[in-house]
Amino acid sequence: MKLGIVGLPNVGKSTLFNSITKAGAESANYPFCTIDPNVGVVAVPDERLTKLAALYNSEKITPAVIEFVDIAGLVKGASKGEGLGNQFLANIRECDAIIHVVRCFDDSNVIHVEGSVDPIRDIETINLELIFSDLEMLEKRIGKTAKLANNDKEAKKELAVLNRIKERLEAGKPARGIEIEDEEEEKFVNSLFLLTWKPVIFAANVAEEDLADDGASNDYVKAVREYAAESGCGVFVISARIEEEIAELDDAEKAEYLETLGLTESGLDKLIRASYDLLGLMSFLTAGEKETRAWTIKKGTKAPQAAGKIHSDFERGFIRAEVINYQELLDCGSLAAAKEKGLVRLEGKDYVVQDGDTILFRFNV
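Here goes a summary of the coordinates provided. Only a predicted model underlies this, so the values are computations on that prediction, with no experimental measurement involved.

Criteria and thresholds
- Residues numbered from 1 in each chain as written.
- Predicted model: local features only at pLDDT ≥ 70, side-chain atom pairs only at ≥ 80, totals over all residues.
- Heavy atoms only, no water.
- Salt bridge = Lys/Arg side-chain N within 4 Å of Asp/Glu carboxyl O.
- Helix = DSSP H or I, 4+ residues; strand = E, 2+ residues; numbered from the N terminus.
- Buried < 20%, exposed > 50% of the residue type's maximum accessible area, 1.4 Å probe, protein only.

Structural notes on the pattern of salt bridges
Part 1: By the definition in use, this model includes 25 salt bridges.
Part 2: Where E136 meets K140, a salt bridge forms, and the shortest distance between an N and an O atom there is 4.0 Å. Taken together, the positions of E136 and K140, both in helix α4 (residues 119-149) and 4 residues apart, correspond to about one turn of that helix.
Part 3: For E136, a relative accessible area of 39% puts it in the partly exposed group.
Part 4: Look at K140 and you get exposed, because its relative accessible area is 56%.
Part 5: Note that K270 is salt-bridged to D214, the shortest N-O span being 3.1 Å. Separated by 56 residues along the polypeptide, K270 in helix α10 (residues 267-279) and D214 in the loop between β7 (200-205) and α7 (219-231) bring together distant segments of the chain.
Part 6: The exposure class of K270 is buried, given its relative accessible area of 13%.
Part 7: Residue classification places D214 among the partly exposed residues on the basis of a relative accessible area of 33%.
Part 8: Shared partners join several salt bridges into a network, and the residues in it are K2, E67 and E94.

Right under this line is the structure:
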């Protein structure tokens with residue numbers, strides 16, 4: 001999963017990026033790697049892995065990972081090349097979803113680029129830049145497709161879809177609200193890599209005192225939540241400043257600090273949960289002496305396709321899956337004991353994998 005973090009200057013975007021990549025690397029004991037200065041890979045915290053690894057005495061634990069991209073240079077006019085403009089827009093086209101950091105705190109010491117705090121105005125400023133960029137790209141694509149449409153049935157269908165999206169963008173609305181007729185059409189729209197087609201999660205960045213009630217008493221947060229509900233986006237409350245402090249602590253200190261703030265989870269935990277929910281993702285697990293590992297898949301994925309996440313041969317030669325819920329396995333104390341109790345199920349090609357399934361795939365190629 002690759003998430004692009006965006007936001008206007010001075011909303012807490014880079015503070016958040018620096019904090020969560022550092023905290024995520026440390027808390028999960030995963031080697032944080034910097035791909036380039038604004039990209040970080042973070043392990044998804046998952047206590048199920050630690051427990052299964054202890055059961056199997058695994059040599060290695062491999063968590064699921066998220067790649068975060070801190071998109072710099074986004075200001076009003078980015079679509080026309082202001083700031084880092086087009087460089088920003090190229091980076092974000094490769095992301096699965098957008099984390100849009102919105103300032104929801106007043107602080108006279110932190111100057112807002114627009115001179116005042118107004119999260120909805122800020123959201124719409126960025127939305128407009130993304131719409132302009134998509135329109136520019138669509139117009140080029142429409143020009144090419146129109147030339148083929150006279151003699152090509154497929155091109156004619158594509159042209160109709162492109163024009164529908166263009167109309168929506170020209171009305172100032174993002175592409176993601178457009179009605180899709182079938183799977184084939186969805187595949188085509190996905191292939192366009194439109195910025196406004198991507199799912200969005202708003203990170204409402206608040207002051208420390210607004211964290212305990214999850215921003216319920218903050219009018220800026222209320223406005224963001226209403227906007228998100230109307231536009232089908234996710235939203236979570238975070239304090240970039242608190243995340244910065246948490247990033248410096250070890251696991252025990254972190255848990256103690258969160259407790260003093262009246263919190264049960266960090267902003268990174270919230271962000272990961274919101275991302276998985278928005279994208280319809282979950283994890284199945286594999287465990288053994290060599291490695292215990294989490295594999296991220298879409299909800300609704302069937303066993304052969306889940307096996308294909310491990311290796312294409314597993315999907316091609318799929319025979320069956322031996323499945324048990326991880327908690328049942330832990331409760332039994334071993335796979336052998338679980339089999340004796342009849343808790344290990346043999347599932348075929350139509351089995352829909354569930355979150356927390358621990359699976360051994362049987363295949364033959």
